Structure formats: C-alpha cells, structure tokens
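The residues making up each chain are set out below.
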Amino acid sequence: MTDFIPYGRQSVTEADIAAVVDVLKSDFLTQGPVVPAFEEAVAARCGAQYGIAANSATSALHIACMALGVGPGDSVWTSPLTFVASSNAALYCGADVDFVEVDDRTYNMCPIRLGEKLDRAAASGTLPKVIIPVHLTGQSCDMAAIHAHASKHDVRIIEDASHAIGGSYRSEPVGNCKYSDITVFSFHPVKIVTTGEGGMAMTNDPELARLMRLDRSHGVTRDADMLQQENAGPWYYEQHRLGFNYRMTDINAALGLSQLDRLPQFIDRRREIAAIYDRAFAELPLTTPHQHTDSASAWHLYVIRVDQQNAAQNHRAVFDQLRGAGIGVNLHYIPVYLQPYYRELGFKPGLCPNAEAYYSEAISLPMYPTMTAEQQHKVIEEVHKAVCGASIGRAAE
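None of the values given here were measured: they were computed from a predicted structure. In this convention, every chain numbers its residues from 1, walking through the sequence in written order. Totals for whole chains, interfaces and linings use all residues, but because this is a predicted model, local features are given only for residues with pLDDT of at least 70 and pairs of side-chain atoms are given and counted only at 80 or more. Only hydrogens and water are removed before side-chain values are computed, so all heavy atoms of the structure are retained for them.

A.B. asks: Is there a simple way to think about the overall build of the protein chain in this case?
C.D. replies: Along the backbone of the protein chain there are 13 helices and 17 strands. Atoms counted for the radius of gyration: C-alpha only. Globule rule: 2.2 Å times the number of residues to the power 0.38. Whereas a compact globule of 397 residues would reach a radius of gyration of roughly 21 Å, the protein chain reaches 22 Å, a difference of no more than 12%. Seen through its C-alpha atoms, the protein chain measures out along the principal axes to roughly 75 × 60 × 40 Å. Burial analysis of the protein chain (397 residues in total) assigns 56% to the buried set. Under the DSSP-based scheme used, a helix requires at least four consecutive residues in state H or I and a strand at least two consecutive residues in state E, with every element numbered from the N terminus. Relative accessibility decides the category of a residue: with a 1.4 Å probe and only protein chains considered, values under 20% of the type maximum give buried, values over 50% give exposed, and everything between is partly exposed.

This is the structure:
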C-alpha cells in the first residue's frame, strides 16, 4: 500500500549516508575510532561521564545487569508496560523478575506503588538487587521519587530510556544518571536517533563502565593496567569475565554520530506533531498523553486510549478500522507478565490492573520527524471517523 503511514520511520539524509560511506572506505569497519567518538558525543550531550556502545539496547541492558552483579538468587523489578527486553535482561543473568504497577496517567512505574512494594519486600527479606524503571513513550519516570525509595533500601537502578534520548527530567537531560547507576538508550530504526541497530549504556561510575566494556567484548582486555600476567607481546590479551560479543561497529556508530547532530530538530518536530494531535483530539472520546510537570518527553510514541463507554466502537474495532485505512497504528505494549513465557514462570492476570486497563484501550499513532502535514491530517481524520463515526474538517486541527 503506497499511502500507508507507519507508526515510526527513520530519517536518513545524504549526510548520514556519507558518514557511513566514509567508514566503508576507511581501514576500520568494526572496532575503529568512530565508536568511541559516538560514545563521547552521547555522553557529552547527556551530561554523563561514560558511554558504552553495544549492538542493541537489549545487549546494553544485559551488560548493565551483569555490571551490577545480578545473578542467580537475585531479583530484578521493572515495569509491566515495556518490551520484553527490559525483564529478559535479568533472566539472562539467572535472576528472578517481578513487576511494579504503573501510574494510571503517565503509564510509567508508580513511585508510590514501588515504595509500598519495597517496604513489604524489606519486611520479608525479599528486596530486589536492581529496579529498571522504563521511560515509556519518551517521558521520564519520576526518577527523584524512585531514587528516594530505592536508596532507602540500597537497591540499584537502571533506567531503561530506550524511548527517551533527547528528553529531560527536572530540566536536565535524560541519561545523566543523576538518579540511577546506569541509563540505557536504544538506536533501533523507529527510535529517535538510529544506528541501524544499536544501544548505549551511560554511567558516571568508572568501575561500572569498565565492567560493561569487558562484558560487551567477551570479557577480554588488552589494557596493560588490567593484565594479570606479564605482557608477552603485542598480540597478548586476557579474558577476565565470561562476556559476550555485543560490540557496536564503526559503520553503525557513524550513522548514529551523524544523526546525533539533528537530535534537537528531531525532538522539536516530534513535539510539534504531539501538540497538533493534542488540539485535534481534545473533544474526542479518548485520552491523550498526560505529561508530568517535571518531564519534557522525547515523544518516541504518541499513545491514545479509547473511551470504550463513549466511543462509537470498541478498542479493537477502532484499531482495525485505522489499520484498514492505511494508518500503521500499533500497541505498545502488552503487559510483559501476560506473555506465555512469563505465565509459565507463574505470573497471572490481575497483577497490575492499571497496566492491564491501559492495554485494553491503548493505540500508538504515527509519530516521526518526516511525517507530513497531509499525513497527520489523514491520521486525525481517520481517528475521528473511528471513534466518533463522522469526519471532521481541517478547522478541528
């Protein structure tokens, strides 16, 4: 379908292509100078000390858990409204997982519910080692409140900011790790900045940075300061940990480094699209995204919730009608614990009612910087038809 409007789409320019071609013509395709340049650029933009690039955000989450010592007998808590990678990273380490209920307006981890759950776990001797709050749709969680609860119980924090590069919390960039040990970004093609596929972990802790760099590269080092045996020659290396091949290539990093220059423009355009949607849907029987006063979203996603009591048809019918009209809507996300694999671990419906209510009503609308005014008008028109049973004119926008 030539006029299909996807929910997300990368923006690749001639400058991006030229940056990748330069690497292809260079002596280094994999482990050259561009990866560290990209790491330094992202860290500088976020106000963090260290950036550790990986071949995906999933890999970055895994090495983040490893660096914090997550292993068998430990527990990691995260949000139910996320992609399965957020919790799978803990399972890769042999840990158990659990989920914290979300706020019913922001859909992020609820600090109040977290505090209550941590207090109960402390009383029963079952505290988690790590919690992973997820910045759903690009809006930061209330990290100061989450940090206060976690610090009370000496629990470590990994921010899953896969959606949130370019966003801010309390007027500071997401990724500065002010309220966490590690923050992870994603550079998947539908995300705000892309490397084709890739991710990055940010931290202010030199030891965590060292461990993550080891674990992304087989646990192997050539660093003279780390070698345990006498250096036998230029070929010499040592394996210190059981790591993985999670390295990002210079090809991917070149695309990301070029894209990073346009991050402010990407965010401005996404916020403009969100504002137009907000105005267009203000009187419709649906809920538009709530924005926490402490957060400036990066707007990876724009999620509406269908008011099934007052809309012309139910959630599934609205979704299907939009898809049928060439609008590439999606649903982010199915609560993780409802997946068959997690049900086999013992999870059951009813664990997080707010998350399940969200799932029964949520629809992600198209949102990407190259979206045209005509495309957005079509989305607005089709949403109006689906939830109200009638068309609107441009005046409504």
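A.B. asks: Is there a simple way to explain the nonpolar core in this structure?
C.D. replies: Across soluble globular proteins, nonpolar side chains show a tendency to be buried alongside one another. Core analysis: the largest hydrophobic core is formed by 49 residues, its most contacted members being Phe99, Ile158, Ile182, Val184 and Met212. Listing elements by their share of this core, those giving two or more residues are strand 2 (50–54), helix 3 (57–67), helix 4 (85–92), strand 4 (96–99), strand 5 (130–132), strand 9 (182–186), helix 7 (206–215) and helix 12 (353–359). It is helix 3 that contributes the most residues to this core, eight residues altogether. Contacts: residue pairs with any heavy atoms within 4.5 Å of one another. Sequence-distant contacts of Met212, defined by excluding residues within four places in its chain, comprise Ile52, Ile63, Ala64, Ala67, Ile182, Ala201 and Thr203. Here, the term nonpolar core denotes a set of buried Ala, Val, Leu, Ile, Met, Phe, Trp, Tyr and Cys residues that are joined through side-chain atoms within 4.5 Å.

A.B. asks: Before we go on, may I ask you to explain the side chain of Gln139 in this structure?
C.D. replies: Within the element layout of this structure, Gln139 appears in the loop between strand 5 and helix 6 (143–152). Among the residues examined, Gln139 registers a relative accessible area of 1% and is labelled buried. Two N or O atoms count as a polar contact when they lie within 3.5 Å, although within protein this holds only if one can serve as hydrogen donor and the other as acceptor, and sequence-adjacent residues are included solely when both atoms are side-chain atoms. In this structure the side chain of Gln139 is engaged in a polar contact, spanning 2.5 Å, whose partner is the backbone nitrogen of His292. Here Gln139 is in contact with Thr106, Asn108, His290, Gln291, His292, Ser295 and Ser297, once residues within four sequence places are set aside.

A.B. asks: It is not clear to me how the pattern of salt bridges should be interpreted in this structure. Could you clarify?
C.D. replies: A side chain with one charge may pair with a side chain of the opposite charge, provided their charged atoms come close. In the sections that follow, a salt bridge refers to a side-chain nitrogen of Lys or Arg positioned within 4 Å of a carboxyl oxygen of Asp or Glu. The final tally for this structure, using the stated rule, is 15 salt bridges. Between Asp181 and Arg156 there is a salt bridge; the shortest N-O distance is 3.0 Å. Linking Asp181 in the loop between strand 8 (172–173) and strand 9 with Arg156 in strand 6 (residues 156–160), this pair joins segments that are 25 residues apart in sequence. Across the salt bridge formed by Arg269 and Glu272, the nearest N and O atoms sit 2.9 Å from each other. Taken together, the residues span about one helical turn, with Arg269 and Glu272 both in helix 9 (residues 263–280) at a distance of three residues. A residue is classified by how much of its surface remains accessible, and Arg269, at 17% relative accessible area, is buried.

A.B. asks: Teacher, can you tell me more about the environment of Thr195 here?
C.D. replies: Relative to the elements of secondary structure, Thr195 occurs in the loop between strand 9 and strand 10 (199–203). For Thr195, a relative accessible area of 2% gives the class buried. C-alpha separation for the pair Thr195 and Ala254, spaced 59 residues apart in sequence, amounts to 7.6 Å. Of note is the side chain of Thr195, whose polar atom sits 3.5 Å from the backbone nitrogen of Gly198.

A.B. asks: Just checking my understanding: could you explain the pairing of strand 3 (residues 75–78) for this structure?
C.D. replies: Remark: a regular strand shows side chains that alternate across the two faces of the sheet. The two faces of strand 3 match: Ser75 and Trp77 on one face and Val76 and Thr78 on the other face are all buried. For two strands to count as paired, DSSP must find a minimum of two bridges between them. In this sheet, strand 4 lies alongside strand 3 in parallel orientation, the contact comprising four bridges. The partner of Thr78 across the bridge, within strand 4, is Phe99. Here is how to tell: hold the view so the strands point away, follow the path from the first strand over the helix to the second, and if it runs clockwise the crossover is right-handed. On the question of chirality, the crossover connecting strand 3 to the parallel strand 4 by way of helix 4 is right-handed. When strand 3 meets strand 5, the two strands line up parallel, connected through three bridges. Counted as the bridge partner of Trp77 is Ile131 from strand 5.

A.B. asks: When you look at the packing of helix 2 (residues 34–46) against helix 8 (residues 250–260) in this model, what are you seeing that I'm missing?
C.D. replies: Each pair of packed helices can be summarised by the angle the axes make with each other and by the distance between the axes. Here an axis means a line fitted to C-alpha atoms, over the contact stretch when the element is a helix, while the angle between two N-to-C directions is reported on a 0 to 180 degree scale. Across the interface, helix 2 lies against helix 8 with an axial gap of 8 Å and an inter-helix angle of 35°. Crossing handedness for the pair helix 2 and helix 8: left-handed. Across the interface between the two elements, Val34, Val35, Ala37, Phe38, Ala41, Val42 and Arg45 of helix 2 pack against Asp250, Ala253, Ala254, Gly256, Leu257 and Leu260 of helix 8. The residue makeup of the contact of helix 2 with helix 8, split by class, is 10 nonpolar, one polar and two charged. Each crossing is labelled by how the near helix is turned from the far one, with a counterclockwise turn of less than a right angle marking it left-handed and a clockwise turn marking it right-handed. Any residue outside Ala, Val, Leu, Ile, Met, Phe, Trp, Tyr, Cys, Pro, Asp, Glu, Lys and Arg is labelled polar, Gly included; the first ten of those are nonpolar and the last four are charged.

A.B. asks: Would you take a moment to explain the sheet that holds strand 5 for this structure?
C.D. replies: Remark on secondary structure: sheet strands pair via backbone hydrogen bonds, oriented parallel or antiparallel. Spatially, seven strands are ordered 2-10-9-6-5-3-4 in an open sheet, and the strand pairing comes out mixed. The outermost strands of the open sheet, each flanked by one partner alone, are strand 2 and strand 4. The average angle at which neighbouring strand axes cross in this sheet is 20°, direction not considered. On the sheet, helix 2 packs against strand 2, strand 9 and strand 10 and is oriented at approximately 130° with respect to strand 2. Sheet contacts for helix 4: strand 3, strand 4, strand 5 and strand 6; angle to strand 4, the most-contacted strand, approximately 155°.

A.B. asks: Can you help me understand the sheet that holds strand 13 (residues 286–287) in this one?
C.D. replies: Reading across the sheet, the three strands line up as 13-15-17 and stay open at both edges, with antiparallel pairing between neighbours. Each end of this open sheet is capped by a strand with a single partner; those strands are strand 13 and strand 17 (362–365). For strand 15 (residues 302–306) and strand 17, the ladder comprises four bridges, and the chain directions are antiparallel. Counted as the bridge partner of Arg305 is Ala362 from strand 17.

A.B. asks: What am I meant to see in the packing of aromatic side chains here?
C.D. replies: For any pair of aromatic rings, the description rests on two quantities: the centre-to-centre distance and the angle between the ring planes. Each pair of aromatic rings taken from Phe, Tyr and Trp, with Trp reduced to its six-membered ring, is defined by centres within 6.5 Å and is described as stacked if the planes are under 30 degrees apart, edge-to-face if over 60, and tilted in the remaining cases. This model, assessed by the stated rule, comprises 14 aromatic pairs. For the ring pair Tyr169 and Tyr179, a centre distance of 5.7 Å and an interplane angle of 85° mean the geometry is edge-to-face. With Tyr169 in strand 7 (residues 168–169) and Tyr179 in the loop between strand 8 and strand 9, the pair connects residues that are 10 residues apart, well separated along the chain. Judged by its relative accessible area of 6%, Tyr169 is buried. Residue class for Tyr179 comes out buried when judged on its relative accessible area of 16%. Aromatic pair Trp299 and Tyr302: ring centres 5.6 Å apart, planes at 20°, arrangement stacked. Both residues of the pair, Trp299 and Tyr302, belong to the buried class. Ring pairing ties together the aromatic residues Phe99, Tyr337, Tyr341, Tyr342 and Phe347, which thus form one cluster. Above the plane of the ring of Trp77 lies Lys117, whose end atom (NZ or CZ) is 5.2 Å from the centre. In this scheme, Lys NZ or Arg CZ marks a charge over a ring once it lies within 6 Å of the ring centre and within 35 degrees of the ring normal.

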